Amino acid sequence: MEHSLSGILASYNGTQGELIPILQAVQAELGYLPEEAMHQVAQFCRVAESNVFGVASFYNQFRFSAPGRNQITVCRGTACHVQNAPAIVEELQRQLGIKEGETTPDMEYSLETVACIGCCALAPCLKVNEDVHGRLTPEKARKLFAASGTDKGGQDVQ
Ligand code: FES
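None of these values were measured; they are calculated from a predicted model.

**Section: the overall build of the protein chain**
Part 1: Regarding its fold elements, the protein chain presents 7 helices and 4 strands.
Part 2: Each helix (α) and strand (β) of the protein chain, taken in turn from the N terminus, gives the series α-α-α-α-β-α-α-β-β-β-α.
Part 3: Every one of the 158 residues in the protein chain was classed for burial, and the buried ones make up 28%.
Part 4: Residue pairs in contact within the protein chain that sit at least 24 positions apart in sequence constitute 58% of those at least 6 positions apart.

As structure tokens, then:
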């Protein structure tokens, strides 16, 4: 990480105004913002570490844990919300044993929510990587991840 981080920082001057672009570049390179990387970015931009963490946590584009092999993105937009999307998030959190923004210990799944995944007619819906699953219930969502080796592909759009 040290090596790739120095490479990223080498293209910046270390001003406070560069904080967000630097964090974006670090996340693009590493997939998330490790604590050590935020520490180094703070030193480089000459700001308190708490400021870096504050800025990063303000924007939900940033993540603080390593991404899993499969990204689960549950829509929490209005169309999905009124169709019980919060119950789907709760069910998945319970089933996977992680909270939104976290990754399972075996690194298989990361769970996040977004404002809209662009399939409102299929509400409530989620994506597993790029595959959309629509018209879900908590039970249907649970079955998607019921066993390892589950078919995570395909479009469940009927
Ligand atoms: S509100 Fe859920 S896909 Fe648009």
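**Describing helix 3 (residues 35-45)**
Part 1: Within helix 3 the residues assigned to the buried category are Ala-37, Met-38, Gln-40, Val-41, Phe-44 and Cys-45. Buried residues along helix 3 cover an arc of 160 degrees about the axis, so they all sit on one side. Exposed and facing more than 90 degrees away from the buried side of helix 3 are Glu-35 and Glu-36.
Part 2: Trailing helix 3 by a residue or two, Arg-46 shows a phi angle of about 55 degrees, which is positive.

**Remarks on the environment of Gln-93**
Part 1: By secondary structure assignment, the location of Gln-93 is in helix 6 (residues 85-96).
Part 2: Its 15 C-beta neighbours within 10 Å are what place Gln-93 among the partly exposed residues.
Part 3: With 81 residues separating them in the primary sequence, Gln-93 and Tyr-12 have C-alpha atoms 39 Å apart.
Part 4: Setting aside chain neighbours within four positions, we find Gln-93 in contact with Ile-98, Lys-99, Glu-100 and Leu-111.

**A look at the nonpolar core**
Part 1: Core analysis: the biggest nonpolar cluster contains 21 residues, and Ile-72, Val-74, Cys-75, Ile-88, Leu-92, Cys-125 and Leu-126 have the highest contact counts within it.
Part 2: Every element with two or more residues in this core is listed here: strand 1 (70-75), helix 6, strand 2 (109-114) and strand 3 (126-128).
Part 3: It is helix 6 that contributes the most residues to this core, 5 residues altogether.
Part 4: Here Leu-126 is in contact with Ile-72, Thr-73, Val-74, Cys-75, Ile-88, His-133, Leu-136 and Ala-141, once residues within four sequence places are set aside.

Cut-off values and rules
Residues numbered from 1 in each chain as written. Predicted model: local features only at pLDDT ≥ 70, side-chain atom pairs only at ≥ 80, totals over all residues. Helix = DSSP H or I, 4+ residues; strand = E, 2+ residues; numbered from the N terminus. Buried ≥ 20, exposed ≤ 12 C-beta atoms within 10 Å, placed from the backbone. Contact = placed C-beta atoms within 7 Å. Arc of directions from axis to C-beta. Core = buried A, V, L, I, M, F, W, Y, C linked by C-beta atoms within 7 Å.

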